[in-house]
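As a plain string of letters, each chain reads:
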Amino acid sequence: MKKTAFVLLVLSLMLTMTATSIAAKPVLKVGTEATFVPFETVDEKTNEVIGFDVDLMKAIGDIIGYEIQFYNMGWDGLIPSLLNGNIDVIAAGMTITEDRAKVVNFSDPYFESVLTIVVRKDNNTIKGFEDLENKTIAVQLNTTGDFVAEEIAGARIARYNTAPEALQNVAMNAAHASIIDLPVAETYLAKNPNAPLKHLGAIAMNEFFGLALRKQDTDLLKQINAALAQIRADGTYQQIMDKWF
Amino acid sequence: MDFDWQVAWNSVPFLLQGAWLTIQLTTIAVFFGIILGTITALLRLTKSPFKYLAIAYTDFMRGTPLLVQIFIIYYGFPPLIQRPIPAYIAAVIALSLNSGAYVAEIIRSGIQSIEIGQTEAALSLGLTYRQTMRHIILPQAFKRVIPPLGNEFIALLKDSSLVSVIALEELVRKAQIVIGRNFRPFETYFVVAIMFLIMTVSISQLVSYLERRLKVGE
Amino acid sequence: MPIIQVKDLHKKFKSLEVLKGISTEIHRGEVVVVIGPSGSGKSTFLRCLNFLETPTSGQIFFNGEEIIPNKNLNVIRQEMGMVFQRFNLFPHMKVIDNVTLAPMKVRGLAEAEAIERAYTLLDKVGLRDKADSYPEQLSGGQQQRVAIARALAMQPQVMLFDEPTSALDPEMIGDVLDVMKELAKEGMTMVVVTHEMGFAREVGDRVFFLDQGLLLEENTPAQLFTNPQHPRTKEFLSKVL
Ligand SMILES: Nc1ncnc2c1ncn2[C@@H]1O[C@H](COP(=O)(O)OP(=O)(O)OP(=O)(O)O)[C@@H](O)[C@H]1O
Ligand SMILES: [Mg+2]
């Protein structure tokens, strides 16, 4: 009796192992920094990374035949991790910039982001970047908002690890304003209806988010660009948009 | 990975600004930490009700992460006092309070390591408890705690990088900013490591110098 | 009036009763030598006199005034110098500073006056030339003589000695005993715990024999050493003489 049970167990184990090895697709390791709602965030219940970028990558993975695994890390670790091979793709709401494009390849833009300025509700003097001269600007470290703020004359930049911390500092009067992606500001204000903050709508020139890959991975880049085009054409992209915005 | 010396060299001036802030914050915090720690250690050795305040303080500071303490002070107090605390001030307060708790334990064990005969000799001469502490026990205890205080100084120097969460650009944060622009973490952190090493070795040297100077009369 | 009066002194360390009811008087100018077996409570008795140990019960009077810790203890301690077995000099201070500290901080003496007094006392104990040394640079006998000078600098009315020569090499004991004899000759009131029976005989006015926390016998040295009354005293003396 015992013996048959053991044999059955071994058999079933072997079966499941073959099943998984047949079904196993190659893995694509995707790095992100999950504090950028709604593009990526950590689900409080499951502890998994969720968001627009996650769904987008999964849709791409389905098309190009990869299993997508997300790795949540610090923003600053993303590009170095990509370059040294710890991850294969960055999907982190990363703006396509000239500087970055020197070290990585970007996919076709998959999202058009717009920067905004967030100020306290009672502030009526700040209307654009030109009003931020000599002011304290809260930003998220090494984001486009940070880089834009650096161009503003006399601005004092307070760099925080996450976007909510930057906005919190505007709310508590420790900074005059924050330069931040519009969708992030909208989500923050939706989740914190009592925050004494408002955003000034689309302010900056258009910014485009791209997926970042290693320079040498040109085949993968082509596949991903093709998949992106397909998703846009077949309506999947719109579904994901509707889900997160 | 190829190491680019030029990249490393270029990051030096910017990183030095951060190192200077690191030195400032740590030195100020150690200064206040020693004052606070001494007072706390003395309170802990009395029988007054303040003793329990001192115990609560050291337990809290040693039992919670410095990062959390920095957050509590920077984000927790402004709603109470109706105005923001400058990050620099919040950092000095958090680091000093934190360091004070560790220094208190160091000084307390330093005081307890002084032979009871010293206290007895002083009391038998008619010195008060306070005079005994001030003229006899503390001067000897301070000598003995210089090495562990040096270790605390070094630990705080390294821990002070946590103040970057409130946007203070100390050495590590400066490095992160550089890396966000040059995408060369290895070179940049290499320079950071050298700078920390110079600072910590200097502290060790200072400690052994003080030890040698105070050796007379031991 | 006795300079020190002890009434029914008891001392317990937790459950261990070390002093079991001692009553006695010590008079001005007297040299009292306390002897007894190890662990009999000699040190504890001496330390209760200036409250380095707080008595469990009983009273100590100094010049007729009862010693009460938060009331007059500090002032009375200034009048009772103490010399310890292990010297207990302050290692972080030079000899001169060891001797001037208490007169300046406690008695409020001006520095010049304190230094002058210190040199007089260092002369007396034969150590003027060591004034600028640190204690660790002195031999045990020299350290103990400095400790005596340090206590004397407060110009106390009584000197308490707890086995002042026990930690010394034999060749240094003589120097310390000489200083103590000199003090006795000058009329200092002294309570001396010691195993030096020669000193007790030569200098003591009275000898206390302590055994198991009781003051079994007190008498002049001549009487006590030649004609002990208590069998325990006899037994003890037969071992040490
Ligand atoms: N602080 C203390 N705590 C607990 N027990 C103590 C303490 N001090 C002394 N004792 C105990 O009290 C007893 C008497 O000690 P004491 O030092 O008075 O003896 P003594 O007569 O001076 O002996 P010795 O000749 O060895 O110095 C001993 O049993 C000792 O172990
Ligand atoms: Mg003894």
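Please refer to the structure placed before this passage.
Participant: Summarise the overall build of chain B; cite the residues concerned and give the values.
Facilitator: Counting its regular elements, chain B contains 8 helices and 0 strands. Its helices and strands in sequence order give chain B the pattern α-α-α-α-α-α-α-α, from N to C terminus. Summarising its shape, the C-alpha atoms of chain B cover approximately 70 × 50 × 25 Å along the three principal directions. By sequence separation, contacts in chain B at least 24 residues apart represent 78% of the contacts at least 6 residues apart.

Participant: An account of the packing of aromatic side chains is requested, with residue identities and associated values reported.
Facilitator: Residues and elements named next belong to chain A. Per the counting criterion, the structure on display carries 19 aromatic pairs over all chains. Centre to centre, the rings of Phe52 and Tyr110 are 6.4 Å apart; their planes meet at 15°, and the pair counts as stacked. Placement of the pair is Phe52 in helix α2 (residues 52-64) and Tyr110 in the loop between β7 (105-106) and β8 (111-113), with a sequence separation of 58 residues. Of the two residues, Phe52 and Tyr110, neither departs from the other in class, the shared state being buried.

Participant: So what's going on with the sheet that holds strand β1 (residues 4-13) of chain C? Which residues, and what values?
Facilitator: Residues and elements named next belong to chain C. Spatial strand order, β2-β1-β4-β5: 4 strands in an open sheet with antiparallel pairing. For this open sheet the edge positions go to β2 (16-26) and β5 (65-66), each flanked by a neighbour on one side alone. Two elements, strand β4 (residues 57-62) and β5, share 2 bridges in a ladder whose sense is antiparallel. In the strand pairing of β5, Phe61 is matched with Glu66.

Participant: Can you lay out the arrangement of the chains for me, pointing to particular residues and giving the numbers?
Facilitator: Most contacts, when the 2 pairs of chains in contact are compared, are made between chains B and C. Between chain A and chain C there is no contact, and the shortest C-alpha to C-alpha separation is 50 Å.

Participant: Break down the interface of chain A and chain B for me, citing the residues and quoting the values.
Facilitator: Reports often express the size of an interface as the amount of accessible area lost when the parts come together. Of the residues lining the interface, 22 residues belong to chain A; the matching set on chain B comes to 18 residues. Of the roughly 1600 Å² buried where chain A meets chain B, counting both sides, 58% is carbon and sulfur surface. Where A:Arg159 meets B:Glu169, a salt bridge forms, and the shortest distance between an N and an O atom there is 2.4 Å. Taken together, the connections running from chain A to chain B amount to 7 residue pairs in polar contact (both at pLDDT 80 or more). Looking at the side of chain A that touches chain B, the element that brings in the most residues is strand β11 (residues 156-160) of chain A, giving 4 residues.

Participant: Tell me about the interface of chain B and chain C, residues and numbers included.
Facilitator: Contact residues are listed per partner, giving 20 residues for chain B and 24 residues for chain C. Its largest share of buried area at the contact with chain C, chain B owes to B:Glu120, B:Ser124 and B:Leu125, together 30% of the area lost on that side. Along the contact surface separating chain B from chain C lie 1 salt bridge. Two residues, C:Arg47 and B:Glu120, come together in a salt bridge whose shortest N-O distance is 2.7 Å. Taken together, the links from chain B to chain C amount to 7 residue pairs in polar contact (both at pLDDT 80 or more). Those elements that provide at least two residues to the side of chain B that touches chain C are α5 (116-124) and α6 (129-159) of chain B. The element best represented in the side of chain B that touches chain C is α5(B), accounting for 7 residues. Partitioned by chemical class, the residues of the side of chain B that touches chain C number 8 nonpolar, 9 polar and 3 charged.

Participant: Break down the environment of C:Arg128 for me, citing the residues and quoting the values.
Facilitator: All names here are of chain C. Checked against the element boundaries, Arg128 lands in the loop between α4 (111-124) and α5 (140-152). C-alpha of Arg128 to C-alpha of Val146: the two residues are 18 residues apart in sequence and 9.8 Å apart in space. Excluding residues that lie within four positions of it along the chain, Arg128 makes contacts with Tyr119, Leu122 and Asp123. Engagement of the side chain of Arg128 in a polar contact is seen with the side chain of Asp123, the distance being 3.1 Å.

Participant: Go over the site of ligand 1 with me, naming the residues and quoting the values.
Facilitator: Residues and elements named next belong to chain C. By nearness alone, 13 residues border ligand 1, and Ser38, Gly39, Lys42, Ser43 and Thr44 come closest of all. Ser38 places a side-chain nitrogen or oxygen 2.6 Å from an oxygen atom of ligand 1. For ligand 1, an oxygen atom lies 3.2 Å from a polar atom in the side chain of Glu163. Contact with the protein chains removes 60% of the 630 Å² of surface that ligand 1 exposes when unbound. At the level of secondary structure, the elements contributing two or more residues to the shell around ligand 1 comprise β2 and α1 (42-49). In terms of residue count, α1 provides more of the shell around ligand 1 than any other element does, 3 residues in total. Here the shell around ligand 1 is built from residues that sort into 4 nonpolar, 7 polar and 2 charged.

Participant: So what's going on with the pattern of salt bridges? Residues and values would help.
Facilitator: This structure, assessed with the given rule, holds 24 salt bridges over all chains. Of the charged contacts, one joins A:Asp88 and A:Arg214 as a salt bridge, the two residues approaching to 3.0 Å between their closest N and O atoms. With a gap of 126 residues between them, A:Asp88 in the loop between α3 (78-83) and β6 (89-90) and A:Arg214 in the loop between β15 (212-213) and α8 (218-234) connect regions that are remote in the sequence. Put simply, A:Asp99 and A:Lys102 hold a salt bridge, and the shortest N to O gap is 3.2 Å. With A:Asp99 and A:Lys102 both in helix α4 (residues 98-103), this residue pair falls 3 residues apart, about one helical turn. The class of A:Lys102 is exposed, set by a relative accessible area of 60%. Connected via shared salt-bridge partners are A:Asp146, A:Glu150, A:Arg159, B:Glu169 and B:Lys174.

Participant: Quick rundown of the environment of A:Ser81? Include the residues and the values.
Facilitator: Residues and elements named next belong to chain A. Turning to its location among the elements, Ser81 is positioned in helix α3. According to the relative accessible area criterion, Ser81 is buried, its value standing at 11%. In this structure the C-alpha to C-alpha distance between Ser81 and Gly31, which are 50 residues apart in sequence, comes to 8.1 Å. Filtering out sequence-adjacent residues up to four positions away, Ser81 remains in contact with Met73, Asn86 and Ile87.

Participant: Can you break down the pairing of strand β8 (residues 189-193) of chain C residue by residue, with the values?
Facilitator: Residue and element names in this part refer to chain C. Counting buried positions along β8 gives 5 out of 5 residues, so the element sits mostly inside the fold. Neither face of β8 is open: one carries Thr189, Val191 and Val193, the other Met190 and Val192, and all of them are buried. Direction of pairing for strand β7 (residues 158-162) relative to β8: parallel, over a ladder of 5 bridges. Each residue of the ladder has a partner; that of Val158, found in β8, is Thr189. Assessed by its sense of winding, the connection that carries the chain from β7 through helix α6 (residues 170-185) to β8 is right-handed.

Conventions we followed
- Throughout this document, residue positions are counted from 1 along each chain, in the order its sequence is written.
- Each chain takes a letter, starting from A, and each ligand takes a number, starting from 1, following the order in which they are written.
- Note on the predicted model: pLDDT of at least 70 is required for a residue's local features to be given, and 80 or more for side-chain atom pairs to be given and counted; whole-chain, interface and lining totals, by contrast, use all residues.
- The side-chain values count all of the structure's non-hydrogen atoms but skip hydrogen atoms and water molecules.
- Put simply, DSSP marks the helices as runs of H or I at least four residues long and the strands as runs of E at least two long, and each gets a number from the N terminus on.
- In what follows, residue pairs with any heavy atoms lying within 4.5 Å of each other are defined as contacts.
- Ring geometry is summarised as follows: Phe, Tyr and Trp rings, the Trp one being its six-membered ring, pair when their centres sit within 6.5 Å, and such pairs are stacked at plane angles under 30 degrees, edge-to-face over 60 and tilted between the two.
- Buried means the residue's accessible area, taken with a 1.4 Å probe over protein chains only, is under 20% of the maximum for its type, while exposed means over 50%, and partly exposed covers the values in between.
- A pair of strands is considered paired only if DSSP assigns at least 2 bridges between the two.
- Accessible area that two parts lose when put together, evaluated with a 1.4 Å probe and summed over both, is termed the buried area.
- Whenever a carboxyl oxygen of Asp or Glu lies within 4 Å of a side-chain nitrogen of Lys or Arg, that contact is scored as a salt bridge.
- Pairs of N or O atoms are called polar contacts if they sit within 3.5 Å, as long as, within protein, a hydrogen donor faces a hydrogen acceptor (for residues adjacent in sequence, only side-chain-to-side-chain pairs).
- Polar here means any residue outside two lists: the nonpolar Ala, Val, Leu, Ile, Met, Phe, Trp, Tyr, Cys and Pro, and the charged Asp, Glu, Lys and Arg; Gly therefore counts as polar.
- Near, as used in this document, describes a residue that has one of its heavy atoms within 4 Å of the molecule or strand being considered.
- Here the Shrake-Rupley method, with its probe set to 1.4 Å, supplies the accessible areas, and only the displayed protein chains count as covering residues.
- A right-handed crossover is one whose linking path, passing over the helix from the first strand to the second, runs clockwise when the strands point away from the viewer.

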